[in-house]
Amino acid sequence: MQGKLSKALQYIKNHKRVSAHLALMLVLTNLIGILFGSIYGTQPYHDIPIVVVSHDDSATAESFVEFISENDTFAVTYGTEDALAEEMLFNGDAHAAVIIPEDFSENIMNGIESEVMVILDGAMSPATSQLRNTINSTLTSIRSGYLIKLAEGKFNMPPESAQ
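Residues numbered from 1 in each chain as written. Predicted model: local features only at pLDDT ≥ 70, side-chain atom pairs only at ≥ 80, totals over all residues. Heavy atoms only, no water.

Caption draft 1: Structural context of the overall build of the chain. A count of helices and strands for the chain gives seven helices and four strands. When the helices and strands of the chain are read in sequence order from the N terminus, they spell out α-α-β-α-β-α-β-α-β-α-α. Taken over 163 residues, the chain has a buried fraction of 27%. As displayed, the chain has an accessible area near 11,300 Å², and 58% of this comes from carbon and sulfur atoms. (Helix = DSSP H or I, 4+ residues; strand = E, 2+ residues; numbered from the N terminus. Buried < 20%, exposed > 50% of the residue type's maximum accessible area, 1.4 Å probe, protein only. Areas by Shrake-Rupley, 256 points an atom, 1.4 Å probe, with all protein chains shown as cover.)

Caption draft 2: Fine view of the sheet that holds strand β2 (residues 74–79). The four strands lie next to each other as β2-β1-β3-β4, forming an open sheet whose pairing is mixed. Here the strands that pair on one side only, and so sit at the sheet edges, are β2 and β4 (117–120). The average undirected angle you get between the axes of adjacent strands in this sheet is 20°. Both strand β3 (residues 96–100) and β4 contribute to a ladder of four bridges, which runs antiparallel. If you follow Ile99 over to β4, its bridge partner there is Met117. In the packing of helix α3 (residues 59–70) onto the sheet, contacts are made with β1 (48–54), β2 and β3, and the angle to β2 comes to roughly 150°. Along the sheet, helix α4 (residues 82–91) contacts β1, β2, β3 and β4; its crossing angle with β1, the most-contacted strand, is approximately 160°. (Pairing = 2+ DSSP bridges. Axes fitted to C-alpha atoms, helices over the stretch in contact; angles between N-to-C directions. Contact = heavy atoms within 4.5 Å.)

Caption draft 3: Broad picture of the side chain of Asp56. Mapped onto the secondary structure, Asp56 falls in the loop between β1 and α3. Engagement of the side chain of Asp56 in a polar contact is seen with the backbone nitrogen of Ser105, the distance being 2.8 Å. Those residues in contact with Asp56 that lie beyond four places of it in its chain are Ala61, Ile100, Pro101, Glu102, Asp103, Phe104 and Ser105. (Polar contact = N/O pair within 3.5 Å; in protein donor to acceptor, adjacent residues only side chain to side chain.)

Coordinates in, geometry out; function isn't part of it.
So this is what it looks like as structure tokens:
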């Protein structure tokens, strides 16, 4: 052990320039990782302002908006005009806009893929990514719930079998 340590120290003395660059590279990369990790890694997102414009006044659309509103990450502003979403995004009052089309619930009830327009502000990409995930999971839940109810009704299945 003593011999290996003395050989390593001798190598460092003989190759000071290489050793300094290697040490600097190891120290700086770890230091940068620690700094950025402490800045961005510990702050959860709360009350990110988004605007939801619904052109569908059905119960399905309302439950979709309710799912989004119940998420603590977002502070939701509601509207019925696309101009509101455009204005809030342009002024920086919202980081994302969700626009629900008027045939939203009709498409879901007919088993058609219902498209929801989501306009994201690229300045807060981690937060808007979370919004996109929330919307996808909410739509999947609504669609699954409808299909389960459909199976119960069409095939006269008990709820346990339909799932």
